[in-house]
Amino acid sequence: MMPEWSRAGTGCGRGGGEMMKQLVWVGALVLAPLVAVSALERQAADPTKDADDPYEIPEAARERRNPMVRSDLALRSAQTLWKKHCESCHGVTGRGDGPDARLHEKRKGHAPRNLTNPKVQDNLTDGEIFWRISKGIIEEGNNVIMPKYEDKIPSETERWQLVLFVRELGPAAKR
Ligand code: HEC
């Protein structure tokens, strides 16, 4: 005997209740994988929600000060590294006009910013520049927006010297 509550509302009497139950089951089986897939898609579409966002720089890293003192020697050594590693994208003077910049933009959708722009410089702490050089910008799926240099330039001293050099790009371009 069907309990009173299951009959109410369906309006289709005995066997109808059974059929409804079956329909609900089939529906659940069909829908469950769809719901799971759409949840995955939602995650992929919102990379900023990812805990290890490649653009985010931890507070402690941002606040680090450059331990290197500005000197001609430090700047010259950094310039050698800039020519070797950075110029192809960022350009000789840092305007973001290196030979690879446009190609890079086409392939990755990101062109390097103009590092000689005082607004860009003001928005960056020394610690942030150091972090960026060390960690690069590597989006999900190993999409390299900017390579990381902590392996290619393992010396922290040399990377801090590059920070000094990046700071020179603004004033140097004005000369
Ligand atoms: C393959 C091209 C490429 C190379 C090589 C490269 N970068 Fe970048 N860099 C980028 C792109 C693209 C960005 C992201 C856009 C931007 O912020 O300028 C970026 C961002 C930066 C930023 C942060 C700018 C900001 O406003 O947040 C700094 C600083 C920087 N690069 C310095 C360097 C230095 C120093 C080197 C060499 C050791 C280097 N880059 C090598 C492409 C490159």
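Residues numbered from 1 in each chain as written. Predicted model: local features only at pLDDT ≥ 70, side-chain atom pairs only at ≥ 80, totals over all residues.

## A closer look at the overall build of the protein
- Helix and strand counts for the protein come out as eight helices and two strands.
- Shown N-terminal to C-terminal, the secondary structure of the protein runs as helices and strands in the order α-α-α-α-α-α-α-β-β-α.
- The buried share among the 175 residues of the protein stands at 14%. (Helix = DSSP H or I, 4+ residues; strand = E, 2+ residues; numbered from the N terminus. Buried ≥ 20, exposed ≤ 12 C-beta atoms within 10 Å, placed from the backbone.)

## A few points about the site of the ligand
- Near the ligand lie 22 residues; those nearest to it are H85, C86, C89, R113 and M146.
- Elements with a minimum of two residues in the shell around the ligand: α4 (72-90), α7 (126-135), β2 (143-146) and α8 (156-174).
- Of the residues that constitute the shell around the ligand, the class distribution is 14 nonpolar, five polar and three charged. (Near = placed C-beta within 6 Å. Nonpolar A, V, L, I, M, F, W, Y, C, P; charged D, E, K, R; others polar.)

## A closer look at unusual backbone geometry
- The backbone of N142 shows a phi angle near 55 degrees, a positive value even though the residue is not glycine.
- One can find N142 in the loop between β1 (137-139) and β2.

## Let's talk about the nonpolar core
- In this structure, W82, F130, L162, V163 and V166 are the most contacted members of the largest nonpolar core, which totals 16 residues.
- Listed by contribution, the elements that provide at least two residues to this core are α4, α7 and α8.
- With six residues, the top contributor of residues to this core is α8.
- Those residues in contact with F130 that sit more than four places away from it in its chain are R64, R159, W160 and V163. (Core = buried A, V, L, I, M, F, W, Y, C linked by C-beta atoms within 7 Å. Contact = placed C-beta atoms within 7 Å.)

## Regarding α4
- The end-to-end C-alpha distance of α4, which contains 19 residues, comes to just 22 Å, noticeably less than the 27 Å that a straight helix rising 1.5 Å per residue would cover.
- At K83, α4 shows its maximal kink, close to 55 degrees.
- The set of residues buried in α4 consists of A78, L81, W82, C86, C89 and H90. (Expected span 1.5 Å × (residues − 1). Bend = angle between axes of the 7 residues up to and from the residue.)

## Quick notes on the pairing of β2
- Relative to β2, β1 runs antiparallel, the two being bridged by three bridges. Across the sheet, the residue bridging to I138 is V144, located in β2.
- In this antiparallel pair of consecutive strands, β1 and β2, the connection spans three residues, and G141 shows a positive phi of 80 degrees. (Pairing = 2+ DSSP bridges.)

## Quick word on α7
- For α7, the set of buried residues is I129, F130, W131 and I133.
- Positioned one or two residues after α7, G136 has a phi angle of 60 degrees, which is positive.

## Examining the environment of T80
- With respect to the helices and strands, T80 occurs in helix α4.
- When the C-alpha atoms of T80 and L162 are compared, they prove to be 9.5 Å apart, with 82 residues separating the residues in sequence.

## Describing the environment of I138
- Mapping I138 onto the fold places it in strand β1.
- A C-alpha to C-alpha distance of 8.0 Å links I138 and K148, two positions ten residues apart in sequence.
- Among all residues touching I138, those that are not within four sequence positions of it are P54, N143, V144, I145 and K148.

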